[in-house]
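# Reading the structure
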Amino acid sequence: MTVHLEVAEGVGTLRLDRPPMNALDVATQDRLKELAEEAARREDVRAVVLYGGEKVFAAGADIKEMQAMDHAAMVLRAKALQDSFTAVARIPKPVVAAVTGYALGGGCELALCADYRIAGENAKLGQPEILLGLIPGAGGTQRLSRLIGPSKAKDLIFTGRQVRADEALALGLVDRVVPAEEVHAQAHAWAAKLAQGPAIALRAAKESVDTGLETDIDTGLAVERNWFAGLFATEDRERGMRSFVEEGPGKAKFL
């Protein structure tokens, strides 16, 4: 298998495993969707890490495979390609991308599906599809512009240039830069901390933010309002408020 789901301490690691560059061929895309949906369902997975290994996150699509596809074939495949990434973006739990080495094309688009991105100092990110006479097709034109703004996204998409970790941080493309050997450990620590939090409230927070970015503010406020009121029916809300009153802030245990 080219993607694995490994679970420990409430954290599910979606690990790409297609040496040498984790090229995202059709089989890898389909497996990614399958395991993302599994991670979304499993109660023992409370947060997720996306990881490609110590040397590379994912260098992009399998160009040789794509070269053999004509227009008709891609018309049939394009939605399945997007659906595999959307399955990751819609995991209703905190998701962090642990980015080492190259995260280009589909690899960058996969990192964009996470809620938070930790990059190694050796990371290089970009959307080089324009250099192939293409545009990003797995959500890059949409998620990148929402994350860093349209003008900055157009710069990367129009030129196809790669950015190093420091520039990616300045652009807001990644959220933290650490030594390459610390990327996975720090990503796992981020996920493990949130895995101890109130699962339904975290789901509510993620859905409210994501829905609000995709719609008008009144609809977003309605989603937030419904989740906010609904959380008053949860045991976690009772536990959190009781702990605050009796012990002070930040001491509630939700597991």
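Because the structure is predicted, anything quoted here is derived from the model rather than measured. (Residues numbered from 1 in each chain as written. Predicted model: local features only at pLDDT ≥ 70, side-chain atom pairs only at ≥ 80, totals over all residues. Heavy atoms only, no water.)

Time to look at the sheet that holds strand 8 (residues 162–164). Taken in spatial order, the three strands make up an open sheet running 5-7-8, and their pairing is mixed. Looking at the sheet topology across the chains shown, the edges are occupied by strand 5 (102–104) and strand 8. Ignoring which end each strand starts from, the neighbouring axes of this sheet average 20° apart. Bridge count between strand 5 and strand 7 (residues 124–126): three bridges; the pairing is parallel. (Pairing = 2+ DSSP bridges. Helix = DSSP H or I, 4+ residues; strand = E, 2+ residues; numbered from the N terminus. Axes fitted to C-alpha atoms, helices over the stretch in contact; angles between N-to-C directions.)

This brings us to the pairing of strand 6 (residues 116–120). For strand 6, the buried fraction is high: four of the five residues fall into the buried class. Strand direction decides the pairing type here: strand 4 (residues 95–99) and strand 6, joined by four bridges, are parallel. In the sheet register, Val 99 faces strand 6, and the bridge partner there is Ala 119. Both strand 6 and strand 9 (residues 176–178) contribute to a ladder of three bridges, which runs parallel. Pairing of Ile 118 across the sheet is with Arg 176, part of strand 9. (Buried < 20%, exposed > 50% of the residue type's maximum accessible area, 1.4 Å probe, protein only.)

With 13 residues, helix 8 (residues 183–195) extends 18 Å between its outermost C-alpha atoms, agreeing within 8% with the 18 Å of an ideal straight helix rising 1.5 Å per residue. Residues of helix 8 that are buried include every one of Val 183, Ala 187, His 188, Ala 191, Ala 192 and Ala 195, and no others. Around the axis of helix 8, the buried residues are gathered within 150° of arc, so they sit on the same side. Residues of helix 8 that are exposed and angled more than 90 degrees away from the buried face: Ala 185 and Lys 193. Residues of helix 8 that are buried sit in contact with strand 1 (3–8), strand 2 (11–16), strand 3 (47–51), strand 4, strand 6 and strand 9. (Expected span 1.5 Å × (residues − 1). Arc of directions from axis to C-beta. Contact = heavy atoms within 4.5 Å.)

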